[in-house]
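Coordinate inspection notes
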Amino acid sequence: MDILSLLGFILATIAVLGGSVLKGSGIQALWSSAAFLIVGIGTISATLIQVPMPTVKRAVSIVVWIFKPPSEDVAGVIEKVTGWSQTARKDGLLGLEGNIEEETDPFIKKALQLLVDGSEPESIQQIMDVEISTREDQDNGAAKVFEAMGIYAPTMGILGAVMGLMAVMQNLADPSKLGSGIAAAFVATIYGIGSANLFLLPMANKLKGIVQTQTKQREMIVEGVVSIAQGDNPRNIESKLQGFLS
Amino acid sequence: MDILSLLGFILATIAVLGGSVLKGSGIQALWSSAAFLIVGIGTISATLIQVPMPTVKRAVSIVVWIFKPPSEDVAGVIEKVTGWSQTARKDGLLGLEGNIEEETDPFIKKALQLLVDGSEPESIQQIMDVEISTREDQDNGAAKVFEAMGIYAPTMGILGAVMGLMAVMQNLADPSKLGSGIAAAFVATIYGIGSANLFLLPMANKLKGIVQTQTKQREMIVEGVVSIAQGDNPRNIESKLQGFLS
Amino acid sequence: MDILSLLGFILATIAVLGGSVLKGSGIQALWSSAAFLIVGIGTISATLIQVPMPTVKRAVSIVVWIFKPPSEDVAGVIEKVTGWSQTARKDGLLGLEGNIEEETDPFIKKALQLLVDGSEPESIQQIMDVEISTREDQDNGAAKVFEAMGIYAPTMGILGAVMGLMAVMQNLADPSKLGSGIAAAFVATIYGIGSANLFLLPMANKLKGIVQTQTKQREMIVEGVVSIAQGDNPRNIESKLQGFLS
Amino acid sequence: MDILSLLGFILATIAVLGGSVLKGSGIQALWSSAAFLIVGIGTISATLIQVPMPTVKRAVSIVVWIFKPPSEDVAGVIEKVTGWSQTARKDGLLGLEGNIEEETDPFIKKALQLLVDGSEPESIQQIMDVEISTREDQDNGAAKVFEAMGIYAPTMGILGAVMGLMAVMQNLADPSKLGSGIAAAFVATIYGIGSANLFLLPMANKLKGIVQTQTKQREMIVEGVVSIAQGDNPRNIESKLQGFLS
Amino acid sequence: MDILSLLGFILATIAVLGGSVLKGSGIQALWSSAAFLIVGIGTISATLIQVPMPTVKRAVSIVVWIFKPPSEDVAGVIEKVTGWSQTARKDGLLGLEGNIEEETDPFIKKALQLLVDGSEPESIQQIMDVEISTREDQDNGAAKVFEAMGIYAPTMGILGAVMGLMAVMQNLADPSKLGSGIAAAFVATIYGIGSANLFLLPMANKLKGIVQTQTKQREMIVEGVVSIAQGDNPRNIESKLQGFLS
């Protein structure tokens, strides 16, 4: 559970609602169905035109990482890889067959399978590098869906505000509605700037950070597996990987 | 058929028209011939000065990819390349001559021809890399035409708004027209921001994504063909290419 | 003759003048000597401080490329290089001495001279690479002069508008001049945004594209000349260069 | 003690408070609890959503570098490394064991330990390079926390201003409060722009500069240690490292 | 003497002062002590927090380059290096000892000293490359001080304008001061945008260009010295360096 994300969401809500109350407009002034339509639907439609289907699906499935990030236990990875190298030294590469079945992550399964099959170290490196960069590209693409939304939302907010001001200006004859009309026009700006800077962009950046950490862990695993394939001794492998910790 | 693009276009239209109705200015307030002239013609003229003729033509011809993207069937490409490697193993490289004629994509035809001609693997790699990057540069350039339009359009919208406000200010003597004049001035802003952020920039980004996918597929094909030229066995080639899938 | 550039300039003028007429302020409202002084002289002075003399001169001399771009005949270059390789094969490298005199481009003359002098292929590559990147840097620098002007112009427009609004505000006592004063203040914005986005930035981008194309052609020539020096056969050289066409 | 940072903080405070007094609104006009809530809490909440816990902790612990930067004594590092090389020449690599205990920096301890253990030069380079880039990534990430806050703060300032203007517009019926309401709305803008540009962004940039300097020092130490492992003579090592000084 | 810089400074002053006169506010309207405090001191304080002491000192010492740039005589450098290569050929490397004393630039002295000492070509390259990049980093850092000021100044201008408008709004009761108050508020904007775009950013860019040219000259010198150490003949060295001229 990512406490910081949860705290961030709660504080962000307090900042907006509390700010509106303190400023004296109250919470109900923050609702406008027209603004919601323009900013919400506008942002979503721009994103749908921009992003292909598999990336949309991946984005939907990784959004939970904001609150439940995948394991980032670097020390655990080092221990696991060192364990493999000891098994390989004791029982030979075939001794790792049991480990393949224990693992649930298909990336680790594939790396170990190549090792057990006796592939050349360069060949393992090359094949697994393609895997790493394919996965990294896909997940970064998914994280950038939220970035794209965070870039489009404020422009939709301006669009909504301009449309609201237009409506006000066309009805200047009735000055009693001037103030409330302008206030309503500004709601779109709040939706656009607020959703982008309090939620969408920070979420995109957290996801990009998680993807980077995962890529680093995968590179560690591949470096370890390649070292095992080269016959390095377990102590050297452990000491090499420990640099990633510091 | 790219359903997401279609949905995006429909929702974008609903967001703008519906928003204008909900705000109370109605749909007819969104039309202004002056704004259309300044934003539409202005954006097009800036683009014409910037972009050379072959890129304009390519841009016009790839815009259909928004709705009908070229095949992105990575698994199919892997199967096809694996098939070639089996043919080559069974019947020799000359056995691939039939495949050249079956193919319609000139890129694949050229790669296979080089293979059948018995070119060196390094030579195939080098020649096809030039092909890949020439095509990628051209298609990216074409996608960036829409990006350029999406960058110029909002500035033209500001230009139109400023010109509209100027007209209003010169006629302050007649305050009854003040409101409708300002409203009309804002229409240019809506054209500029709306066309850029709801259509042009998302389209440019979808096209750039498609170009990237095509480049990756071409790199897979070249990697496969070079592996065949090196005499790698079909199973290894398949397993190497499968990393692109995951 | 670059028809697109010409068309772009004409349409841009129509968009601004026509827009001003349709908006109702007329064409004469677009003239302001104060705005011209601030935006025009301001943009030029910032550029003079930024850019060294040789780059200014080069910028002035390549601006004609907007309408008369240098030859971009890639197919012609391939034919020419293939011709050289055939001459070299038939008559030896010394047979190319006549071609040096026929050529007018000093870049090509230098490359051929190195070839005829019997320089090592690596040495030709190295010397000509320095030539290519020196020329590319100079021409890109010249193209960026227009980019710099396109970046400074809108800020000068804002400067002019603020100065105009200041003048209006100091004379609030005379409200009859309020409207025309604000209108006049906006003219600087139109000069800044219009000159940048309709002319300067698109011109800079077209020039950068031309420089890139020229660099690619020079790289093709060097690749060809180096291949001739290595004794490659004419058919291979032609097929290698053809990848740049597709 | 970083005198410039201290001077900068004092002058920044004078600029804001003195400016407000000279402009005639006085210092008390700069306080608004609503603006503080929206800008302060808003910026913090966006940052919490964006940044993972270890990076937040690291950011808190390096913020003191603004006033007390870690040692940047390049000449001292050169002297120290040259001393090691002389010890190694006189007493062999084992003679450096005493130096390991003297050092407090775990990075230097690890490098010397590898040297004393007789590791291969390439192996020291490789292991220490991972250490350098892991530490650099972590500290840069921590510096970028302040950058992120400096990017979000101004947008929160706009959000607060818009919410303040909304409150004003809803109460247009009471024009006596119009002026003070608008003034209060602007306070959020001052908080956002001021905190970002007078404090957060300059701090982030100073921290990034410090991280870069530390990375360079670590690279010098590794270059020295690797040279010692290669058996270079002390005078050569000193002359090689002196290039970093100039 | 850099005539363009001088001309730029004069024209920039004319543009601002003349524009203010033509707009009708006169020159005295451009002075505001509050604006000067906020924009001037604010920009300086942000820069002091951001930049470490040695970089500030270097920035102060290279600012004269705007008007008196260091020599950019590429042809002279080629001639000088060719002269060294002839001396080395005639009198051996030791014959260059006299040239070391003639030179005043410590960079050239160091390169020649390494040559005379009989260092290996790779060793000269490696040591001098560190020198080049250390000097380039320092001078670029110094040039970026002006860039940083040019980025902070406009935001300080907005800060000052908002504070000025706040003061105006708090005193709406006295409408006679409304106009002059708003005008005074705008002065900060003029200071910020004007100083950044007419002086600071163009100066930063000219300095960056000068640093780049110096780096290129140093690379030429090192390439020449390394060639001499490799025993290349003087004519080849001259022809290799001439590529930098074209």
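Residues numbered from 1 in each chain as written. Chains lettered and ligands numbered in written order. Predicted model: local features only at pLDDT ≥ 70, side-chain atom pairs only at ≥ 80, totals over all residues. Heavy atoms only, no water.

Regarding chain A and chain C, which are not in contact, the minimum distance between any of their C-alpha atoms is 16 Å. Nowhere do chain B and chain E come into contact; their C-alpha atoms are at least 16 Å apart. (Contact = heavy atoms within 4.5 Å.)

Right, let's talk about helix H3 (residues 53–62) of chain C for a bit. All names here are of chain C. Regarding H3, the residues found buried are Thr55, Ala59 and Ile62. Along the axis of H3, the buried residues cluster in a sector spanning 75°; they form a single face. Opposite the packed face of H3, turned more than 90 degrees from it, sit the exposed residues Pro54, Lys57 and Val60. Check the buried side of H3 and you find it contacts helix H7 (121–170) and helix H8 (178–229). (Buried < 20%, exposed > 50% of the residue type's maximum accessible area, 1.4 Å probe, protein only. Helix = DSSP H or I, 4+ residues; strand = E, 2+ residues; numbered from the N terminus. Arc of directions from axis to C-beta.)

This part takes up the relation of the copies chain B and chain C. Once chain B is rotated about the relating axis by 72° and shifted along it by 0.0 Å, it coincides with chain C to within an RMSD of 0.0 Å. In short, the pair behaves as if placed about a five-fold rotation axis. No C-alpha of chain B lies nearer the rotation axis than that of Ile158(B), which sits 11 Å from it. (Least-squares fit on C-alpha atoms with pLDDT ≥ 70 in both.)

A word on the interface of chain A and chain B. With 42 residues of chain A at the contact, the number on the chain B side is 46 residues. Looking only at chain A, the three residues that lose the most surface to chain B are Ile49(A), Met163(A) and Met166(A), adding up to 19% of its buried area. Applying the counting rule to chain A against chain B returns zero salt bridges. Linking chain A to chain B there are three residue pairs in polar contact (both at pLDDT 80 or more). Listing elements by their share of the side of chain A that touches chain B, those giving two or more residues are helix H2 (33–50), helix H3 (53–62), helix H7 (121–170) and helix H8 (178–229) of chain A. Grouping the constituent residues of the side of chain A that touches chain B by class yields 27 nonpolar, 12 polar and three charged. (Buried area = accessible area lost by both parts, 1.4 Å probe. Salt bridge = Lys/Arg side-chain N within 4 Å of Asp/Glu carboxyl O. Polar contact = N/O pair within 3.5 Å; in protein donor to acceptor, adjacent residues only side chain to side chain. Nonpolar A, V, L, I, M, F, W, Y, C, P; charged D, E, K, R; others polar.)

Attention now moves to the interface of chain B and chain C. Interfaces are often sized by the amount of accessible area the parts lose when they come together. Each partner contributes residues to the interface: chain B has 42 residues there, and chain C has 46 residues. Buried area between chain B and chain C, summed over both chains or domains, comes out near 3600 Å², and the portion from carbon and sulfur atoms is 73%. When the area that chain B buries against chain C is broken down by residue, the three leading residues are Ile49(B), Met163(B) and Met166(B), summing to 19%. Every element with two or more residues in the side of chain B that touches chain C is listed here: helix H2 (33–50), helix H3 (53–62), helix H7 (121–170) and helix H8 (178–229) of chain B. The biggest single contributor to the side of chain B that touches chain C is H7(B), with 21 residues.

Now for a nonpolar patch on the surface. Residue and element names in this part refer to chain E. A cluster of nonpolar side chains, contributed by Met1, Ile3, Leu6, Leu7, Ile10 and Ile14, occupies part of the molecular surface with about 560 Å² of accessible area. Tracing the backbone through its elements, the reader meets leucine 6 in helix H1 (residues 3–23). Judged by its relative accessible area of 36%, leucine 6 falls in the partly exposed class. (Patch = residues over 30% accessible without salt bridge, like charges linked within 9 Å, V, L, I, M, F, W, Y side chains within 5 Å. Areas by Shrake-Rupley, 256 points an atom, 1.4 Å probe, with all protein chains shown as cover.)

Here the focus is helix H1 (residues 3–23) of chain D. For H1(D), with 21 residues, the first-to-last C-alpha span of 29 Å sits near the 30 Å given by 1.5 Å per residue. By the burial criterion, the buried members of H1(D) are Leu4(D), Ser5(D), Gly8(D), Ala12(D), Ala15(D), Val16(D), Gly19(D), Ser20(D) and Lys23(D). Looking down the long axis of H1(D), one finds its buried residues gathered within 130° of arc, a one-sided arrangement. On its buried face, H1(D) sits against helix H8 (178–229) of chain D together with helix H2 (33–50), helix H3 (53–62), helix H7 (121–170) and helix H8 (178–229) of chain E. (Expected span 1.5 Å × (residues − 1).)

On to the confidence of the model for chain A, then. For chain A, per-residue confidence averages 92 on the pLDDT scale, and 100% of positions sit at 70 or higher. Taken together, the chains of this predicted complex give a pTM of 0.93 and an interface ipTM of 0.91. (pLDDT = per-residue confidence, 0-100.)

Relative to the helices and strands, Phe186(E) is located in helix H8. Using a relative accessible area of 16% as the deciding quantity, one classes Phe186(E) as buried. Sequence separation between Phe186(E) and Ala161(E) is 25 residues; the distance between their C-alpha atoms is 5.5 Å. Those residues within four positions of Phe186(E) in sequence are excluded, and the remaining contacts are Val162(C), Leu165(C) and Met166(C).

All names here are of chain A. Together, Glu97, Glu101, Glu102 and Asp117 make up a negatively charged patch on the protein surface. Tracing the backbone shows glutamate 97 in helix H5 (residues 97–102). Taking relative accessible area as the criterion, glutamate 97 reaches 44% and is therefore assigned partly exposed. (Lys, Arg positive; Asp, Glu negative; His and termini not counted. Charge placed at Lys NZ, Arg CZ, Asp CG, Glu CD.)

Residue and element names in this part refer to chain B. Contact pair helix H6 (residues 106–116) / H8: the axes reach a minimum separation of 10 Å and the direction vectors enclose 10°. Here H6 is positioned roughly parallel relative to H8, judged by the angle of their axes. Crossing handedness for the pair H6 and H8: right-handed. Side by side, H6 and H8 meet where Phe107, Ile108, Ala111 and Leu115 of the first sit next to Arg218, Ile221, Val222, Val225, Ile228 and Ala229 of the second. When its residues are assigned to classes, the contact of H6 with H8 shows nine nonpolar, no polar and one charged. (Axes fitted to C-alpha atoms, helices over the stretch in contact; angles between N-to-C directions. Parallel < 35°, antiparallel > 145°, perpendicular 65-115°, else oblique. Left-handed = near helix turned anticlockwise from the far one by under 90°.)

In the contact formed by H7(C) and H8(E), the axes pass within 8 Å of each other and the chain directions differ by 170°. As far as their axial angle goes, H8(E) and H7(C) are roughly antiparallel. Looking at side-chain class alone, the contact of H7(C) with H8(E) contains 18 nonpolar, 10 polar and two charged residues.

Counting 125 residues, the largest nonpolar core has Leu159(A), Leu159(B), Leu159(C), Leu159(D) and Leu159(E) as the members making the most contacts within it. Among residues more than four places away in sequence, those in contact with Leu159(A) are Ile38(A), Val16(B), Ile190(B), Ile193(B), Gly194(B) and Leu198(B). (Core = buried A, V, L, I, M, F, W, Y, C linked by side-chain atoms within 4.5 Å.)

One pass over the structure, following the stated rule, counts 15 aromatic pairs over all chains. Considering the side-chain rings of Trp31(C) and Phe36(C), the 5.6 Å spacing of their centres and the 40° angle between planes classify their relative orientation as tilted. Of the residues examined, Trp31(C) reaches a relative accessible area of 54% and is grouped as exposed. You can call Phe36(C) partly exposed: its relative accessible area is 47%. By way of ring pairs, the aromatic residues Phe9(A), Phe67(A) and Phe199(A) are connected into one cluster. (Phe/Tyr/Trp six-rings, centres within 6.5 Å; stacked < 30°, edge-to-face > 60°.)

What follows covers the side chain of Gln217(B). All names here are of chain B. Summarising the element assignment, glutamine 217 is placed in helix H8. Under the relative-accessibility criterion, glutamine 217 is labelled buried at 11%. From its side chain, glutamine 217 meets the backbone oxygen of serine 71 in a polar contact 3.4 Å long. Residues within four places of glutamine 217 in sequence aside, it is in contact with Ser71, Glu72, Asp73, Val74 and Val77.

Residue and element names in this part refer to chain D. Tracing the chain through its elements places arginine 218 in helix H8. Look at arginine 218: it is buried, it has no salt bridge, and the nearest opposite charge is aspartate 139 at 4.8 Å. Leave out the neighbours within four places in its chain, and arginine 218 touches Phe107, Ile132 and Arg135.

Before going further, it helps to examine the environment of Ile41(A). Take Ile41(A): it is sitting in helix H2. Residues Ile41(A) and Gln113(A), 72 residues apart in the sequence, show an inter-C-alpha distance of 47 Å. Residues in contact with Ile41(A), not counting those within four places in the same chain, are Phe36(A), Leu11(B) and Ala15(B).

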